[in-house]
Amino acid sequence: MNDLSSADANIQIAMLEVISEGISGGVLVYDRNDLIVFASQQLLGLLPVPKSFLAPGTRLRDFLGAVYDSGGRFSADSAGPRRMLSREDWIAEQIATLWKERAETLERRGTDRWLSFTKRRLSSGYGVCVVRDVSDHKKREEQWRTDMERVQITEEVLDNLPFPVTVKDGNFTFVAVNKAASRFLDLPAEAVLGRKGSDIHPPELERRLDLVNRQLFQTGEPVQLLERVTGADGSEVIIIANKYRIGKPGRYYIVTAMEDITGLVEVDGGGRIVPGKPRTELISSSPGRHDRKARPEPGRDTAGVAGRKVLVVSSDLQMEAEALDILGELGLDTSSVSGAGELELFLRLAYESGIRIDLVVVDVAMDLQCLEAAERHGVPALAIGSLRMRRELAAGVTRLLARPENVVETVQEEERPTEPVCETESPGIDILVAEDNEVNQIVFSQILEGFGYRYAIAADGEEAIRLWKERSPRLILMDITLPKLSGFEASARIRSLETSGSSIPIIGVLAQPFDRDRDECFASGMNEVILKPISPEALEALFQTFLDMPEKRSYA
């Protein structure tokens, strides 16, 4: 190129710049004497070198030295382990790769930037190196790999579940079935996937299921069905099918989880499904683990609650056993279940059998759905944690059973003021909770009481702003779906009213992990987000991060 006329050289340089633009990368051309002939301007954004080192006639050795000195050195073989080389050894190694007929390397810069280097030595003796930023491609590749790992883990989890699970897409075509579902349908997964229910179910059953699926797909309201079906071996099986809509608009799926309850129920002469055991005592109608008929000693019914029926909900075997012992000493009929699904089934079958459940005691670590299930069935509920149970369970149960109305309470509500504030002489508090759902308020109260923090609860966005002004909290837990002012609006208002140096940590509380909600949280001034259902561990981690609060308790 040095022998070309000035006009021809300018034309070729212009063409190389166009090529560089077209391939969205930097182009470096060098001759057999290792002198730079051409370097496109895009290289300045890719390699941290001064512009002067890209001038024609610059030695490759000087150019590479500038790259090394600016911290932008890259390895000659990114597939192997990174080696620590001296400046001269690194430059020599790079020049050697530039003399290869073909060489391609990939180098990671920082945490999220990748550069590719494509090198060619032409028969004329000139060499060309093309440098491109492939970060987006690598991110997509890594995301794809992560997604594939997540899919594999999900499939492994589903296949190891003991009950059938199926997934249908928006066209009501099966897109996933676990091994238990394949056994239940007596078909291999390959014979189910890609097919519709009409290809598998009897016409009458499919017509009913199709109506249910369409309604679920439109409303998103979970559905629970009690069904008599014929098993693969010809025997009659009674199942509960729980159906849910998951996903995002435009990409909804219907998930069906089935539970065999044949051993728990029976069919009467009229074809109705009824509990399968006499209910003279309170017994578990689902896979609960304890049934007790506690009887007080003669003349010992000091609380006046003997014979009342109480159900304990906990997945902690130790807490469950301790609660049943305490309730047994009061002469109560007790039983236990381990989750929201079992609780829902227990309460429904108790209702159908004409048995009145007087109280549900819920471990505060359980899902909010447990309290909501009790509320739906009109059964009083007492939420209590393991730390307070031995001291307050008996008193809380006795107090609630003495009340005629149905309530949902926590053990600290004996003298709860209108504004739920932890007792304290000082107006200042540690935590302000902005939450309008009463069940969620109970859970927050129980956890914060257990930690010993001073707190207040606001039921809407305007009250949250007022309490922030009056009580000077150290941190705010802000639900985003508040009345009057949303959590986004309340957070933005607080930020606009703050004075210099008085910024308070605001944590957004989300029901769903939607990206748009997370983005709006941060846009409104929130520092972090947390997902429901809320756990003590998650809150404690937040408090330690944003308030430098010491660990309040240990977890088993």
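In what follows, the structure referred to is the one given above.
Residues numbered from 1 in each chain as written. Predicted model: local features only at pLDDT ≥ 70, side-chain atom pairs only at ≥ 80, totals over all residues. Heavy atoms only, no water.

## As for the pairing of strand β15 (residues 333-337)
- Extensive coverage of β15 is indicated by the burial of five of its five residues.
- Here strand β14 (residues 309-313) pairs with β15 via five bridges, running parallel. Bridge pairing in β15 links Leu311 to Ser335.
- Between the parallel pair β14 and β15, the chain is carried across by helix α9 (residues 317-329), and the sense of this crossover is right-handed. (Buried < 20%, exposed > 50% of the residue type's maximum accessible area, 1.4 Å probe, protein only. Helix = DSSP H or I, 4+ residues; strand = E, 2+ residues; numbered from the N terminus. Pairing = 2+ DSSP bridges. Right-handed = clockwise from strand over helix to strand, strands pointing away.)

## Some points on the sheet that holds strand β5 (residues 127-133)
- Spatially, five strands are ordered β2-β1-β5-β4-β3 in an open sheet, and the strand pairing comes out antiparallel. Strand pairing shows two members of the sheet lacking a second neighbour, β2 (36-39) and β3 (102-109), which therefore form its edges. Neighbouring strand axes in the sheet, compared pairwise and without regard to direction, differ in orientation by 15° on average.
- The sheet contact formed by strand β1 (residues 25-30) and β2 spans three bridges and is antiparallel. Each bridged residue has a counterpart across the sheet, and for Leu28 the counterpart in β2 is Ala39.
- The strands that helix α5 (residues 135-160) touches are β3, β4 (113-121) and β5; relative to β4, the one it contacts most, it runs at about 120°. (Axes fitted to C-alpha atoms, helices over the stretch in contact; angles between N-to-C directions. Contact = heavy atoms within 4.5 Å.)

## Examining helix α8 (residues 203-219)
- For α8, which comprises 17 residues, the first-to-last C-alpha distance of 24 Å matches the rise-based estimate of 24 Å (1.5 Å per residue) to within 8%.
- Within α8, the full set of buried residues consists of Leu205, Glu206, Leu209, Val212, Asn213 and Leu216. Down the axis of α8, the smallest arc covering the buried residues is 130°, so these residues share one side. Structural note: α8 exposes Pro203, Glu204, Arg207, Leu211, Gln215 and Gln218 on the side pointing more than 90 degrees away from its buried face.
- Structurally, α8 contributes buried residues whose contacts are with β6 (165-168), β8 (223-230), β9 (236-248) and β10 (251-260).
- At the exit of α8 stands Gly220, carrying a positive phi of roughly 80°. (Expected span 1.5 Å × (residues − 1). Arc of directions from axis to C-beta.)

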